[in-house]
Amino acid sequence: MKFCTLTLGCKVNQYETQAIERILCEFGHTLVDLGDGCDVCILNTCAVTAESVRKSRQTIRRMKKLEPDALITVCGCYSHLESEEVADLGVDLIGGATDRCEFARMVAGTQGDGSSGLFCYHPLGSVSVQNHPPSVDGTLFSKRTVTQGDGSLVLFGEQMDENSNSFSRTQENRPPGFLRPPVFEELPPGNTASRTRALLKIQDGCNNFCTYCIVPYIRGRSRSLPLSKVAEYAKLLEEQGYKEIVVTGIEISSYGIDLFSKTDEPSPCPEGNHPPSTDGTLFEKRAYLSLITAISTIQNAAPNARLRLGSLNPSLLTPGFCRELSKIPNLCNHIHLSLQSGCDETLLRMGRKYNTTQVLESIESITKHFNDCSITADLITGIPGETDEEFKQTLSFIEKAAFADMHIFPYSLRPGTKAAKMPNQVEKNIRKERAKTATEIAANMSNDFTQKQLGKTVEVLFEQEKSGYYSGHSTNYLEISVKEKVERNSVQNVRITEIQNERLIGEIN
Ligand code: SF4
């Protein structure tokens, strides 16, 4: 079978697509590009904003147009949330945001491996988010409908036994909506394409339920990859030749809260009193310990690879955490904050569990413990109730923080979230206008940060050759290009000599 994959959304989705690709290649199938005469097209969708939903739908139509004879298979957060809508687009197989192995197996199963007919895998059935409380395990419930060759329908809980090609009944007595214990689906890392930087997913789900966010309703409660697997996968990646490991998850700041018992009385922490933690329980110490533990586990298992962290919740970045983090030898001096706003009133309405004073303290600690650290951040503009005055506060805050780069998004109403029902919704054009204003300020700050890099020597992991230059990323996440021929996937010290059209040029040192 020739198959192609397209992925929308976050690094976790990218990681899971890579796992699906690897499983299918191990089944002997061939990964090709869209338009190369595929038998099957796979789309991993995103639902974090209305725009990502629009792009998911648009991509399904594009796949059908470019590969009219191929089976169209869809998984990920949008199909998890709105499986009926996806089914109405005329796709052949629907998966969710969980059970990626199962989905890959069903994709393989579409190729006449003894089975016939079309598969329709409905992660959510007909339950909409509004009338279903957030579940403890995140996966609302899974329902599988399979049309067999004889047209008979096989309902919930039956597993296809690919060898005997018959279905064995499992969970058959559980009523629809039965909640499975939260399990972290272990998907070995490594992608089939580049061998320079690799993602390592160590956490899934989220317990925070920020008022604007749909993710917890899709991905479920926070769950973590056990430390033994963290070590095993990190070692595997180093053995496969990767020079950088990007530690990712839906909310890695919550890593380990499910791996430690809640009854433990925390011993006095170096800092004594703790700022409020992300959801109020004192698990922060554990998460503090646990995320640090996970990162140092990766460091020990892959001592030659550099480590880059995904987004961090500012509430985790206490002075103690930053000090401990700075002790990890190969950690890149690049910290990305999921900040979202620079105004305390707005943060409260977002349900974020930190304030601007704490964020400034965190930035101070990071700057103290990491040289030349690039501190970057996410920002959402136009959340319900955000007044002009509040937005002004956010602008002056980001200028004070002087972020090296920012990802800025206008608020996107997500049905089923608390913010969707809030009064004082901000008009779309104002949300966009505010995002534009903030982006201009962020661009100036980014230029300032880049200018300050001139003359410095940085460590660059070279990834590709582009228009006569060899380019890669520095540890503080700047893209650097050199003229000299450099081996791909090699790490070199580069002195930054000039900026050409916003591109940093350097010489091997
Ligand atoms: S921390 Fe908040 S924004 Fe991030 S995934 Fe969880 S609920 Fe969504």
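As a starting point, this report considers the structure included with it. Since this is a predicted model, take the numbers as computed values, not measurements.

Considering the pairing of strand 4 (residues 71-76)
On a regular strand, one side chain projects to one face of the sheet and the next to the other, so that they alternate.
Then, in step 1: The buried count for strand 4 comes to 5 of 6 residues, which makes it a mostly enclosed element.
Then, in step 2: Looking at chain direction, strand 3 (residues 40-45) and strand 4 are connected through 6 bridges and run parallel. Paired with asparagine 44 across the bridge in strand 4 is cysteine 75.
Then, in step 3: Where the polypeptide runs from strand 3 across helix 2 (residues 50-66) and back to strand 4, its parallel neighbour, the crossover connection is right-handed.
Then, in step 4: Sheet analysis places strand 4 next to strand 5 (residues 93-94), joined by 2 bridges and oriented parallel. The residue of strand 5 that forms the bridge with valine 74 is isoleucine 94.

Concerning the packing of helix 1 (residues 11-26) against helix 5 (residues 100-109)
Then, in step 1: Here helix 1 crosses helix 5 at 45 degrees, and the two axes come no closer than 9 Å. For the element pair helix 1 / helix 5, the angle class is oblique. Once helix 1 is placed against helix 5, the crossing between them reads as right-handed. Residue-level inspection shows Asn13, Glu16, Ile20, Ile23 and Leu24 of helix 1 in contact with helix 5, the latter providing Arg100, Cys101, Phe103, Ala104, Val107 and Ala108.
Then, in step 2: By residue class, the composition of the contact of helix 1 with helix 5 is 8 nonpolar, 1 polar and 2 charged.

Examining the nonpolar core
As a rule of thumb, nonpolar side chains are buried together in soluble globular proteins.
Then, in step 1: Residues Ile398 and Phe403 are the most contacted members of the largest nonpolar core, which totals 73 residues.
Then, in step 2: Element by element, the count of residues in this core is highest for helix 8 (residues 283-301), at 6 residues.
Then, in step 3: Discounting chain neighbours no more than four positions away, the residues touching isoleucine 398 are Leu339, Phe403, Met406, Ala438, Ile441 and Met445.

As for the packing of aromatic side chains
For any pair of aromatic rings, geometry is given as the distance between the ring centres together with the angle between the planes.
Then, in step 1: The tally for this structure, following the rule as stated, stands at 1 aromatic pair.
Then, in step 2: Centroid distance phenylalanine 209 to tyrosine 217: 5.3 Å. Interplanar angle 75 degrees. Geometry classified as edge-to-face.
Then, in step 3: Residue tyrosine 217 is classed as buried on the basis of its relative accessible area of 12%.
Then, in step 4: Between the NZ or CZ atom of lysine 483 and the centre of the ring of tyrosine 469, over which it lies, the distance is 4.5 Å.

Some thoughts on the pattern of salt bridges
Then, in step 1: One pass over the structure, following the stated rule, counts 25 salt bridges.
Then, in step 2: Linking glutamate 16 and lysine 201 is a salt bridge whose minimum nitrogen-to-oxygen distance equals 2.5 Å. Placement of glutamate 16 in helix 1 and of lysine 201 in strand 11 (residues 197-204) is noted, with a sequence separation of 185 residues between them. When sorted by exposure, glutamate 16 lands in the same class as lysine 201, which is buried.
Then, in step 3: Among the ionic pairs, arginine 57 bridges to glutamate 85, the shortest N-O distance being 3.7 Å. Of this pair, arginine 57 sits in helix 2 while glutamate 85 sits in helix 4 (residues 83-87); the two residues are 28 residues apart in sequence, bridging distant segments of the chain.
Then, in step 4: Owing to a relative accessible area of 25%, arginine 57 belongs among the partly exposed residues under this scheme.
Then, in step 5: Shared partners join several salt bridges into a network, and the residues in it are Glu16, Arg100, Lys201, Asp204, Arg219 and Arg223.

Looking at the sheet that holds strand 13 (residues 244-249)
Then, in step 1: Strand order in the open sheet formed by 4 strands is 12-11-13-14, with mixed pairing between adjacent strands. Of all the strands in the sheet, just strand 12 (223-224) and strand 14 (306-309) have a single pairing partner and so form its edges.
Then, in step 2: Note: strand 11 against strand 12, 2 bridges, orientation antiparallel. Paired with aspartate 204 across the strands is arginine 223, a residue of strand 12.
Then, in step 3: Against the sheet, helix 1 makes contact with strand 11 and strand 13, and its axis sits at roughly 110 degrees relative to strand 11, the strand it touches most.
Then, in step 4: Across the face of the sheet, helix 7 (residues 227-239) comes into contact with strand 11 and strand 13 while running at roughly 170 degrees to strand 11.

Thoughts on the sheet that holds strand 21 (residues 491-500)
Two modes of strand pairing occur in sheets, parallel and antiparallel, and in both the strands are linked by backbone hydrogen bonds.
Then, in step 1: In spatial order, the strands read 18-19-20-22-21; together these 5 strands close into a barrel with mixed pairing. Averaged over all pairs of adjacent strands, the angle between strand axes in this sheet comes to 50 degrees, irrespective of strand direction.
Then, in step 2: Here 4 bridges tie strand 19 (residues 469-474) to strand 20 (residues 479-482), and the two strands are oriented antiparallel to one another. Looking at the pairing, histidine 473 lines up with glutamate 479 of strand 20.

Overview of the environment of leucine 6
Then, in step 1: Looking at the element boundaries, leucine 6 is found in strand 1 (residues 2-7).
Then, in step 2: Leaving out residues up to four positions away in the same chain, leucine 6 has contacts with Leu34, Ile42, Leu43, Asn44, Thr59, Arg62 and Met63.

Quick word on the packing of helix 11 (residues 356-369) against helix 12 (residues 388-401)
Axis angle and axis distance: for two packed helices, these are the angle between their axes and the distance between the axes, and together they describe the pair.
Then, in step 1: Following both chains from N to C, one finds helix 11 and helix 12 inclined at 15 degrees, their axes separated by 11 Å at the closest point. Considering their axes alone, helix 11 and helix 12 lie roughly parallel with respect to each other. Pair helix 11 / helix 12 crosses with right-handed handedness. Contacts between helix 11 and helix 12 involve Thr356, Val359, Leu360 and Ile363 from the former and Phe397, Lys400 and Ala401 from the latter.
Then, in step 2: Among the residues making up the contact of helix 11 with helix 12, the classes are represented as 5 nonpolar, 1 polar and 1 charged.

Quick word on the environment of alanine 401
Then, in step 1: With respect to the helices and strands, alanine 401 occurs in helix 12.
Then, in step 2: Note on alanine 401: relative accessible area 11%, which makes it buried.
Then, in step 3: As for alanine 401 and alanine 377, which are separated by 24 residues in sequence, their C-alpha atoms are 10.0 Å apart.

Observations concerning helix 11
Then, in step 1: Its 14 residues give helix 11 an end-to-end C-alpha distance of 20 Å, which sits within 8% of 20 Å, the value for a rise of 1.5 Å per residue.
Then, in step 2: Turning to helix 11, its buried residues number three or more, namely Thr356, Gln358, Val359, Ser362, Ile363, Ser365 and Ile366.
Then, in step 3: Two to three positions downstream of the cap, the backbone nitrogen of threonine 357 sits 3.2 Å from a side-chain oxygen, assigning the N-cap of helix 11 to asparagine 355.

Overview of unusual backbone geometry
Then, in step 1: Here aspartate 99, not a glycine, exhibits a phi torsion of approximately 50 degrees, which is positive.
Then, in step 2: With respect to the secondary-structure elements, aspartate 99 resides in the loop between strand 5 and helix 5.
Then, in step 3: The backbone of tyrosine 477 shows a phi angle near 60 degrees, a positive value even though the residue is not glycine.
Then, in step 4: Relative to the elements of secondary structure, tyrosine 477 occurs in the loop between strand 19 and strand 20.

Conventions adopted
Residues numbered from 1 in each chain as written. Predicted model: local features only at pLDDT ≥ 70, side-chain atom pairs only at ≥ 80, totals over all residues. Heavy atoms only, no water. Buried < 20%, exposed > 50% of the residue type's maximum accessible area, 1.4 Å probe, protein only. Helix = DSSP H or I, 4+ residues; strand = E, 2+ residues; numbered from the N terminus. Pairing = 2+ DSSP bridges. Right-handed = clockwise from strand over helix to strand, strands pointing away. Axes fitted to C-alpha atoms, helices over the stretch in contact; angles between N-to-C directions. Parallel < 35°, antiparallel > 145°, perpendicular 65-115°, else oblique. Left-handed = near helix turned anticlockwise from the far one by under 90°. Contact = heavy atoms within 4.5 Å. Nonpolar A, V, L, I, M, F, W, Y, C, P; charged D, E, K, R; others polar. Core = buried A, V, L, I, M, F, W, Y, C linked by side-chain atoms within 4.5 Å. Phe/Tyr/Trp six-rings, centres within 6.5 Å; stacked < 30°, edge-to-face > 60°. Lys NZ or Arg CZ within 6 Å of the ring centre and 35° of its normal. Salt bridge = Lys/Arg side-chain N within 4 Å of Asp/Glu carboxyl O. Expected span 1.5 Å × (residues − 1). Polar contact = N/O pair within 3.5 Å; in protein donor to acceptor, adjacent residues only side chain to side chain.

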